[in-house]
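# An overview of the molecular structure
Letter by letter, the chains look like this.
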Amino acid sequence: MKFAITSKGNSESNTLMHKMKSYLLDFELIYDEEEPDLVISVGGDGTLLYAFHRYSSRLDRTAFIGVHTGHLGFYADWVPEEIEKLVIAIAKTPYEIVEYPLLETVVRYQNGGKETRYLALNESTVKADDATLVMDVEIRGQHFERFRGDGLCLSTPSGSTAYNKALGGAILHPSLPAIQLAEMASINNKVFRTVGSPLVLPAHHTCMLKPVNEQDFKITIDHLSLLHKDVKSIQFRVAEERVRFARFRPFPFWKRVHDSFVAD
Ligand code: NAD
C-alpha cells in the first residue's frame, strides 16, 4: 500500500510525521506523495482540508485519516499518543472506509468565460466584494427569494459543524447526501424579506445564485478564498464525488459532536 503524510508544518506535527513515516516504511509500506492510497494528515482540521484539496483529483483512489496535534478535530481525531497503535492498524489490517458527501460549486461568467468547478469538504461561502450581497436565490430552477445581507454559506453535512454552525445552521449527520444553505446577517424588514431559516436540500435539488446588480464576489471553498469577476451565476449541489475516510475504530459522529461542543 502507498501512503503520504501531510503536516501542519509546526515542529510537533513535523516530528510526528517523520516518526509515522519511518514506522510505516519499517512495515514495508511505500511512501508515494503523487499517488497515495492513504493520506495521513498531522495537525488539525485545516491540515486535512489542505490534504483533501491536494488530492481532490483522485478521491476515488485515496482515503484520508487525521491525527491532531492541537484540539480534537472533526477530521483529525487520533491523538499523538496513539500513533503506534494507528501505524500497526494501518500496516496489518484491511481498513474500513466511510464515505461522506461533498459540495459541488460551479461558477459561470458573463461574456462566455469558461466556467469553474470546485469541490468543498466543508463549505462554500459567497460575499460581495465590498458591499451588501444581493442575490436572487433559485431552488430547483424556481425563484425562491431575493437575498440581501452579508453573505450565504452552502455546506456539506461534515462541514455543518464548522462555519455553518456559527451561522445557526443545523448539524447534519454526514451519512445524509444533502447540502445546507445558511444566511449571514440577512436584511429583514418591511421591504426586504428572506426565509430566515437554514434550508437543507437533497441530492437531486440544485441551488443557484444569480447576481442582481454587482457581479464581483468573494467566493470561498473551505480555506481558499478567491475574487470572481463578471459572475453570471453560482450553482451548488451535492457532488457526485465523495470523500473517503479510513476508519480503524468506531468514533460515532454524535460522540464527536458531544466531545467537541458539549464536554470532554
Ligand atoms: P481556522 O484555522 O481558522 O480553523 C477554523 C476552525 O474550524 C478550527 O478550529 C477547525 O478545527 C474548525 N473546523 C474546520 N472544519 C471543521 C468541521 N468540519 N467541523 C468542526 N470544526 C471544523 O481555518 P482553517 O483551518 O483554514 O479552516 C477553514 C475553515 O474555517 C472553513 O472551512 C470554515 O468552516 C471555518 N471557518 C469558520 C468560521 C466561523 O466559525 N465563524 C469563519 C470562517 C471560517
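Residues numbered from 1 in each chain as written. Predicted model: local features only at pLDDT ≥ 70, side-chain atom pairs only at ≥ 80, totals over all residues.

## Side note on the domain arrangement of the protein
Put simply, the rule reads: An automatic or database domain assignment supplies the start and end points of every domain. In this description, a residue-residue contact is defined by the distance between C-beta atoms placed from the backbone, which must lie within 7 Å. Under the DSSP-based scheme used, a helix requires at least four consecutive residues in state H or I and a strand at least two consecutive residues in state E, with every element numbered from the N terminus.
For the protein, the assigned domains read domain 1 (2–95 + 248–262) and domain 2 (102–240). Each of domain 1 and domain 2 has a C-alpha centre, and the two are 30 Å apart. Counting from both sides, the interface comprises eight residues of domain 1 and, opposite them, 10 residues of domain 2. Where the side of domain 1 that touches domain 2 is concerned, the elements lending two or more residues are α2 (45–54) and α5 (253–262).

## Thoughts on the pairing of strand β8 (residues 133–139)
Our working rule: The pairing criterion is simple: DSSP has to find at least two bridges between the two strands.
Inspection of the sheet shows β8 paired to strand β9 (residues 142–155) by seven bridges, in the antiparallel sense. Bridge pairing in β9 places Glu138 opposite His143. Count of turn residues in the β8/β9 antiparallel hairpin: two residues, of which Arg140 carries a positive phi of about 55 degrees. Direction of pairing for β8 relative to strand β12 (residues 207–211): antiparallel, over a ladder of five bridges. When the bridges of β12 are listed, Ile139 appears paired with Cys207.

## Let's talk about the site of the ligand
As a reminder of what qualifies: Throughout this description, a residue near a molecule or strand is one whose C-beta atom, derived from the backbone, lies within 6 Å of it. Each residue gets one of three labels, nonpolar for Ala, Val, Leu, Ile, Met, Phe, Trp, Tyr, Cys and Pro, charged for Asp, Glu, Lys and Arg, and polar for the others, Gly among them.
Around the ligand, a shell composed of 16 residues is seen, among which Gly46, Thr161, Ala162, Ala166 and His223 lie nearest. Elements represented by at least two residues in the shell around the ligand include exactly α2 and α4 (163–166). The greatest single-element share of the shell around the ligand, amounting to three residues, is contributed by α2. Here the residues of the shell around the ligand are counted per class, giving five nonpolar, eight polar and three charged. In this structure, the shell around the ligand is formed jointly by two domains, domain 1 (2–95 + 248–262) and domain 2 (102–240), each of which donates at least three residues.

## Some details on the UniProt feature "binding site: NAD(+)" (unreviewed entry) in the protein
Heads up, the condition is: UniProt positions are given in the numbering used here, feature names are shortened, and annotations may be inferred rather than shown by experiment. In this scheme the burial state of a residue depends on its C-beta neighbours within 10 Å: 20 or more other such atoms mean buried, 12 or fewer mean exposed, and anything in between means partly exposed; the C-beta positions come from the backbone.
As annotated by UniProt and renumbered to match this structure, "binding site: NAD(+)" (unreviewed entry) occupies Asp45, Gly46, Asn122, Glu123, Arg148, Asp150 and Ala185. Judged by maximum C-alpha separation, these annotated positions cover 141 residues in sequence and are scattered in space, the widest gap reaching 31.0 Å. Locating Asn122 in the fold gives a position in the loop between β6 (116–120) and β7 (123–128). Positionally, Ala185 belongs in strand β10 (residues 178–186). A tally of 12 C-beta atoms within 10 Å means that Ala185 is categorised as exposed. Apart from the residues lying within four places of it in its own chain, the contact partners of Ala185 are Gly149 and Asp150.

## Examining the pairing of strand β13 (residues 217–221)
Most of β13 is tucked away: four of the five residues are buried. Sheet analysis places β7 next to β13, joined by five bridges and oriented antiparallel. In the sheet register, Thr125 faces β13, and the bridge partner there is Thr220. Note that β13 and strand β14 (residues 224–228) share five bridges and pair antiparallel.

## Concerning the nonpolar core
Quick note on the threshold: The nonpolar core criterion groups buried Ala, Val, Leu, Ile, Met, Phe, Trp, Tyr and Cys residues into a set whenever they are joined through C-beta atoms within 7 Å.
Membership of the largest hydrophobic core comes to 62 residues, with the highest contact counts inside it found for Ile40, Phe52, Phe64, Leu152 and Leu154. Here this core gets seven residues from one element, more than from any other, and that element is strand β15 (residues 231–247). Structurally, this core is a two-domain feature, drawing no fewer than three residues from each of domain 1 (2–95 + 248–262) and domain 2 (102–240). Residue contacts for Phe52: discarding those within four places in its chain leaves Phe64, Leu121 and Val243.

## Things to note about the environment of Tyr23
In this structure, Tyr23 sits in helix α1 (residues 11–26). Using a count of 17 C-beta atoms within 10 Å as the deciding quantity, one classes Tyr23 as partly exposed. For the pair Tyr23 and Gly151, spaced 128 residues apart in the sequence, the C-alpha separation amounts to 46 Å.

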